[in-house]
Amino acid sequence: MTAILHVEGLGKRFGGFVALDSIELEVQDGERLGLIGPNGSGKSTLVNCICGTLQNETGSVRFAGQALDGLSAHERTRRGLARSFQLPRPFGSLSLMDNLRIPILYTVNARGGARAIGNEAIVARCRDLLGEVGLVAKADRLPRDLTQIEMRKLELARAMAAEPKLLIADEVMAGLSHNEVDEIIALLIRLNDQGVTVIMIEHIMRAVMEVSQRLAVLVAGRKIADGAPKDVVRDPEVVKAYLGE
Amino acid sequence: MRGVPFILCLIAAAAVIFACGRWIDNSYAFFAAYVVVQYIVLGTAWNILGGYTGYVNFGVTAFFAIGAYSTVVLYKLVPALPLPVMVLVGGVMAGLVGLGTGYLTLRLRGVFFSIATLALAVVVQTLITNWDFVGGARGAYVLRPRVAPLIGGEYVQYLFLVMLGLCVIVLATARAIERSALGYGFTAIRDDEAAAEASGVPTLKLKLIATTLSGGFMGMAGAPLPYYVTYLDPASGFSLNYAVNAIAMPLIGGMNSWVGPIVGAVLVGGLQEYLRVTISSAVNVLVVGVLLVVFVIAAPQGIVGLFQRKK
Amino acid sequence: MDGSIDLLVNAIISGLLLGGFYAAVSMGVAIAFGLLDVVNIAHPAFILLGSYVAFIGNSMLGMDPILAALIATPAFYLLGMLAYQVYYVAFERRNDQSLRGLAFFFGILFITEVTLVLVFGVDYRLVQAPYIGANLDLGVVELPLRLLVPFVIAMIMVVGLQLFLSRTFVGRAIQAVAQDQQALRLMAADPVKIKRIAFGLSIATASLAGAFLIIIQPVEPSIGREYIGRVFAIVVLGGLGSFPGMVIAAVTLGIAESLTATFFGPSWAPAVAFGILLVTLAVRPSGILGR
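Remember, it's a predicted structure, so these values are computed and weren't measured experimentally.

A.B. asks: Go over the overall build of chain B, please, and point to the residues and values.
C.D. replies: For chain B, the count of helices and strands is 15 helices and two strands. Rg of the C-alpha trace for chain B: 19 Å, near the compact-globule value of 19 Å for 311 residues, within the 12% margin. Along the first, second and third principal axes, the C-alpha set of chain B runs to 55 × 45 × 45 Å. Across the 311 residues of chain B, 59% fall into the buried class. Of the roughly 11800 Å² that chain B leaves accessible, carbon and sulfur atoms contribute 70%. Positive and negative side-chain charges in chain B, numbering 17 and 10 respectively, have mean positions lying 4 Å apart.

A.B. asks: I'd like to hear about the arrangement of the chains, residue by residue, with values.
C.D. replies: The interface with the highest contact count, out of two pairs of chains in contact, is the one between chains B and C. A gap remains between chain A and chain C, with no contact made and the closest C-alpha atoms lying 7 Å from each other.

A.B. asks: Could you give an account of the interface of chain C and chain B, with specific residues and numbers?
C.D. replies: With 39 residues of chain C at the interface, the matching set in chain B holds 40 residues. For the pairing of chain C and chain B, the buried interface totals around 3700 Å² over both sides, and the portion due to carbon and sulfur atoms is 83%. Counting across the interface, chain C meets chain B through zero salt bridges. When contributions to the side of chain C that touches chain B are tallied by element, the ones reaching two or more residues are α3 (65–92), α4 (97–120), α9 (224–237) and α11 (269–283) of chain C. Among the elements that take part in the side of chain C that touches chain B, α4 of chain C stands out by supplying 15 residues, more than any other.

A.B. asks: Talk me through the nonpolar core; I want residue IDs and the actual numbers.
C.D. replies: Side chains of nonpolar character tend, in soluble globular proteins, to be buried together. Residues F33 and F106 of chain C are the most contacted members of the largest nonpolar core, which totals 269 residues. The element contributing the most residues to this core is helix α6 (residues 155–178) of chain B, with 16 residues. The residues touching F33 of chain C, leaving out its near neighbours within four places in the chain, are V111, F112 and I115 of chain B together with V38, V39, F232, V235, V236 and L240 of chain C. Judged by nonpolar contacts, the second largest core, of 26 residues, contains L25, L35, I50 and C51 of chain A.

A.B. asks: Before we move on, could you go through the sheet that holds strand β7 (residues 166–170) of chain A and cite the residues and values that matter?
C.D. replies: Residues and elements named next belong to chain A. In spatial order, the strands read β6-β7-β8-β3-β9-β10; together these six strands make up an open sheet with mixed pairing. Every interior strand has two partners, whereas the edge strands, β6 (81–83) and β10 (222–227), have only one. On average, adjacent strands in this sheet sit at an angle of 15 degrees to one another, irrespective of strand direction. In the sheet, strand β3 (residues 32–36) pairs with strand β9 (residues 214–219) via four bridges, with the strands oriented parallel. Bridge assignment links G34 to a residue of β9, and that residue is L215. On top of the sheet, helix α5 (residues 148–161) reaches β6 and β7; it is set at about 165 degrees to β7, its chief contact.

A.B. asks: Give a description of the packing of helix α10 (residues 243–264) of chain C against α11 of chain C that names residues and reports values.
C.D. replies: All names here are of chain C. Where α10 meets α11, the closest approach of the two axes is 8 Å, and the angle between their N-to-C directions is 140 degrees. By the angle between their axes, α10 is oblique relative to α11. Every pair of crossing elements has a handedness; the one defined by α10 and α11 is right-handed. Only A269, V272, A273 and I276 of α11 make contact with α10, whose side of the interface consists of L253, A256, E257 and T260. Class assignment for the residues of the contact of α10 with α11 results in six nonpolar, one polar and one charged.

A.B. asks: How would you explain helix α14 (residues 281–298) of chain B if you had to name every residue and give the values?
C.D. replies: Under the 1.5 Å per step criterion, the end-to-end length of α14 of chain B is 26 Å for 18 residues, consistent within 8% with the ideal 26 Å. Listing the buried residues of α14 of chain B in full gives N284, V285, L286, V288, G289, L292, V293, F295 and V296 of chain B.

A.B. asks: How would you explain a nonpolar patch on the surface if you had to name every residue and give the values?
C.D. replies: On the surface, L127 of chain B together with L7, L8, I12, F263, F264 and W268 of chain C cluster together into a nonpolar patch covering about 650 Å² of accessible area. With three residues, the single largest contributor to the nonpolar patch is helix α1 (residues 2–35) of chain C. Topologically, I12 of chain C is positioned in helix α1.

A.B. asks: Quick one: what's the story with empty space enclosed by the protein, residue by residue and with numbers?
C.D. replies: To locate leftover empty space, one rolls a probe as large as a water molecule over the atoms. Counted under the stated rule, the structure contains four cavities of 30 Å³ or more. Volume-wise, the largest cavity comes out at about 50 Å³. In terms of lining, the largest cavity is formed by T77, A82, R83, P103, R158, A159 and A162 of chain A together with A198 and S199 of chain B. Going through the elements one at a time, β6 and α5 of chain A are the ones with two or more residues in the lining of the largest cavity. For the lining of the largest cavity, the per-class residue count stands at five nonpolar, two polar and two charged.

A.B. asks: A description of the pattern of salt bridges should follow, citing residues and the corresponding values.
C.D. replies: Per the stated rule, a full pass over the model turns up 19 salt bridges over all chains. A salt bridge links E150 of chain A to K138 of chain A; the nearest nitrogen and oxygen atoms lie 3.2 Å apart. Taken together, the residues E150 of chain A in helix α5 and K138 of chain A in the loop between α4 (119–132) and α5 connect sequence positions twelve residues apart. Between R276 of chain B and E273 of chain B there is a salt bridge, with its nearest N and O atoms 2.8 Å apart. One end of the pair is R276 of chain B and the other is E273 of chain B, both in helix α13 (residues 259–278) and three residues apart, which spans about a single turn. Judged by relative accessible area, which is 41%, R276 of chain B ranks as partly exposed. Through salt bridges with shared partners, a single network forms among E31, R214, K223 and D226 of chain A.

A.B. asks: Explain the pairing of strand β4 (residues 58–63) of chain A to me, using residue names and the numbers behind them.
C.D. replies: Residue and element names in this part refer to chain A. Looking at chain direction, strand β1 (residues 3–14) and β4 are connected through five bridges and run antiparallel. Across the sheet, G11 pairs through a bridge with T58, a residue of β4. Summarising the sheet, β4 and strand β5 (residues 66–67) pair through two bridges and their orientation is antiparallel. Of the residues in β5, the one forming a bridge with F63 is Q66. Connecting the antiparallel pair β4 and β5 is a turn made up of two residues, with A64 showing a positive phi of about 50 degrees.

A.B. asks: Break down the side chain of D170 of chain A for me, with residues and values.
C.D. replies: All names here are of chain A. Topologically, D170 is positioned in strand β7. Of the polar contacts made by the side chain of D170, one reaches the side chain of S44; its length is 3.2 Å. Beyond its immediate chain neighbours, meaning those up to four positions away, D170 contacts S44, V47, R83, S84, F85, Q86 and I201.

A.B. asks: Explain the interface of chain B and chain A residue by residue, including any values.
C.D. replies: If you look at the interface, chain B gives 20 residues, while chain A gives 21 residues. For the pair chain B and chain A, the two sides together bury roughly 1600 Å², of which 63% comes from carbon and sulfur. Among the residues of chain B in contact with chain A, Y184, A198 and S199 of chain B are the three that bury the most area, contributing 33% of the side total. Put simply, chain B and chain A have one salt bridge between them. Ionic pairing is found between D192 of chain B and R89 of chain A, a salt bridge with its closest N-O pair at 2.8 Å. Contributions of two or more residues to the side of chain B that touches chain A are made by α7 (181–191), α8 (193–198) and α9 (203–222) of chain B.

The rules behind the values
- Residues numbered from 1 in each chain as written.
- Chains lettered and ligands numbered in written order.
- Predicted model: local features only at pLDDT ≥ 70, side-chain atom pairs only at ≥ 80, totals over all residues.
- Heavy atoms only, no water.
- Helix = DSSP H or I, 4+ residues; strand = E, 2+ residues; numbered from the N terminus.
- Rg over C-alpha atoms; globule rule 2.2 N^0.38 Å.
- Buried < 20%, exposed > 50% of the residue type's maximum accessible area, 1.4 Å probe, protein only.
- Areas by Shrake-Rupley, 256 points an atom, 1.4 Å probe, with all protein chains shown as cover.
- Lys, Arg positive; Asp, Glu negative; His and termini not counted.
- Charge placed at Lys NZ, Arg CZ, Asp CG, Glu CD.
- Contact = heavy atoms within 4.5 Å.
- Buried area = accessible area lost by both parts, 1.4 Å probe.
- Salt bridge = Lys/Arg side-chain N within 4 Å of Asp/Glu carboxyl O.
- Core = buried A, V, L, I, M, F, W, Y, C linked by side-chain atoms within 4.5 Å.
- Pairing = 2+ DSSP bridges.
- Axes fitted to C-alpha atoms, helices over the stretch in contact; angles between N-to-C directions.
- Parallel < 35°, antiparallel > 145°, perpendicular 65-115°, else oblique.
- Left-handed = near helix turned anticlockwise from the far one by under 90°.
- Nonpolar A, V, L, I, M, F, W, Y, C, P; charged D, E, K, R; others polar.
- Expected span 1.5 Å × (residues − 1).
- Patch = residues over 30% accessible without salt bridge, like charges linked within 9 Å, V, L, I, M, F, W, Y side chains within 5 Å.
- 1 Å grid on protein atoms, 1.4 Å probe; cavity = no way out; pocket = protein on both sides within 12 Å on 5 of 7 lines; lining within 4 Å.
- Points joined across faces, edges and corners; volume = space filled by probe spheres on them.
- Polar contact = N/O pair within 3.5 Å; in protein donor to acceptor, adjacent residues only side chain to side chain.

Put into structure tokens, the structure is as follows:
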């Protein structure tokens with residue numbers, strides 16, 4: 001396998017506060033990586049730096065063989081790097097259908113070539129995606145009619161609509177019921193079977209263990225463990241970080 | 001092309017309006033109608049950036065006056081130039097200023113852009129006031145030809161026709177944007193810029209397109225002004241009334257579609273004209289300000305929004 | 001040669017004094033925009049209102065213009081609280097401040113201006129006071145008292161406000177409201193109430209700033225617009241919410257304008273603020289003392 005994502009010596013500060021301290025991370029093509037860590041450990045900052053929402057001060061991010069440094073977020077999305085937001089950020093004045101239309105218009109169609117699709121195909125594709133997350137019945141509703149949980153599903157569907165090579169799912173399962181967690185797990189694994197690499201940031205350990213083929217742990221802006229999930233959760237340093245002294 | 005029937009309808013409507021004007025043959029009617037149509041153009045232009053993209057441009061007067069003063073310059077240099085060409089030049093100049101202002105400030109939060117446009121109005125006025133070639137603070141006189149070219153009759157009829165044509169172009173553009181990928185991109189920016197970026201929308205590029213188009217159309221709306229007023233000085237060319245009207249009309253009419261600015265311009269423009277004739281011109285601008293404040297507080301979706309909700 | 005150095009020194013000194021006045025004008029926006037994130041572009045309209053209050057007090061009751069404005073500050077404070085309450089209910093609570101909230105203040109700016117035109121007309125108005133027209137002669141330079149008096153009082157206001165913000169409970173709460181509303185609730189302070197007080201203060205400063213304005217130059221209703229660019233240029237250049245930064249920025253702009261007026265002509269001065277604003281936004285949007 002080849003590395004699709006290569007994070008090297010990545011550092012980010014906010015004023016005097018070091019949010020990320022020379023992070024090294026490699027994700028193989030087709031892998032499912034779990035990323036865990038206590039609140040405030042820098043997981044979301046790392047996602048933001050990888051996706052271009054924030055610009056890192058030191059180090060570099062390479063994706064599919066190209067350096068991403070200095071590229072804006074939309075250019076990274078077009079190269080095949082999609083993310084969901086931890087706090088859902090839907091387009092409030094657009095129907096669910098049109099929420100998904102945006103990434104299709106601006107990534108799939110903007111990449112051009114044979115995959116560019118016309119209006120009818122877009123509508124069909126949006127319906128399929130909404131069906132995958134169980135929201136097809138609300139296709140013409142506005143996001144404000146959704147529950148928090150449905151918004152997370154919409155968030156995930158919108159990231160999937162960009163047809164990414166790598167999908168970063170930032171806490172999409174928080175607050176979901178047991179069955180719903182199972183649904184999302186199945187969905188992520190299905191996506192992965194289709195060839196999409198998945199990074200999952202999650203607190204629900206059951207989901208993390210079920211999805212992840214490899215697990216990385218961030219604590220206070222540093223990566224303290226990285227390896228097979230079973231080994232990582234027994235790592236004394238990880239246990240200490242989670243349970244305290 | 002999907003938009004062609006709509007454009008034909010617009011042209012037909014414009015033709016009917018113009019034919020009615022010719023039939024009434026009253027020059028006051030033309031002068032009054034010119035103002036209303038000018039405000040439809042200004043309001044729609046403002047709405048392309050403000051309504052669709054969510055960025056507030058307070059510098060309407062700057063763009064409007066750039067159009068007007070580029071006509072003054074052209075009038076002094078090449079007086080024989082046909083008016084539509086002057087309109088085009090004024091639009092290009094104003095569009096470029098929009099592009100420049102946007103390029104410098106649109107990377108930041110939206111309020112900084114709004115503040116910069118407020119200051120832009122002051123600085124453009126300063127430049128014009130200090131520019132003797134266009135009359136400086138004293139103002140400039142423009143001779144209005146007695147007879148309209150091509151169509152005959154009074155020149156104001158020709159001015160009205162040009163503004164009507166411009167109105168057709170601006171409305172067709174606005175509606176085309178609404179139904180295109182560009183329009184979806186604008187809406188995504190207005191709703192959540194970070195999410196738009198994450199969905200692949202090149203937000204800075206789209207904002208610059210909106211600013212340039214919007215500024216350019218405002219310049220075009222201002223370009224025939226010197227011929228309309230025949231005497232243009234900085235105080236009247238930069239009157240805050242233009243800015244208040246251009247902002248109030250889409251807000252009152254409704255900002256989510258091209259219909260809103262028309263509704264706003266016809267109602268508010270008509271009301272103003274009525275008040276100007278019956279009471280005084282100071283009171284009529286006050287009414288617009290009050291209506292603006294009342295609507296943003298009580299009816300944020302505008303008149304069009306009120307009707308949509310009842311549906 | 002000697003003459004031009006004289007000119008230069010005088011331009012710098014009067015620019016410095018002008019800067020003090022600009023600090024007073026910008027203070028309210030530094031609170032509203034810098035600390036509360038309320039983009040009150042109508043602030044210059046409130047300042048003009050202050051000018052006309054000083055004018056009425058001076059011309060009808062024979063009061064000192066600054067005293068008249070000082071007496072009016074409680075009324076301005078209440079006006080500010082009222083304005084914030086409307087703003088909060090109609091826009092901030094609906095999360096609609098960036099578009100309709102801005103349009104609201106623009107409407108207020110316009111309504112105030114037109115109302116002033118209807119009441120006072122478009123003629124220039126001025127006030128009488130012993131320090132208008134007099135000079136403090138220091139040998140090399142002459143300090144015009146009509147600039148010096150506003151400068152001194154403005155500096156007292158800045159220091160007083162800075163002390164209030166850093167030493168009192170309410171002041172610290174105002175500074176905290178910008179940072180973390182949740183923490184403020186834990187301190188048992190209602191963020192909306194704190195913001196209402198702060199916005200009241202912001203408008204109260206406009207009363208005195210208005211008196212300074214009409215002492216420095218004759219006033220007509222549309223003059224406020226010239227100050228929008230200036231005020232925001234100063235607050236942005238100073239680094240949002242930093243009072244020392246604001247004073248430095250105000251003095252910088254004052255000197256830059258004064259030099260421009262001396263060497264290029266006074267009609268170019270309004271363009272200076274815009275230049276500074278654009279350069280700041282393009283190069284260093286966090287301002288000189290920003291974090």
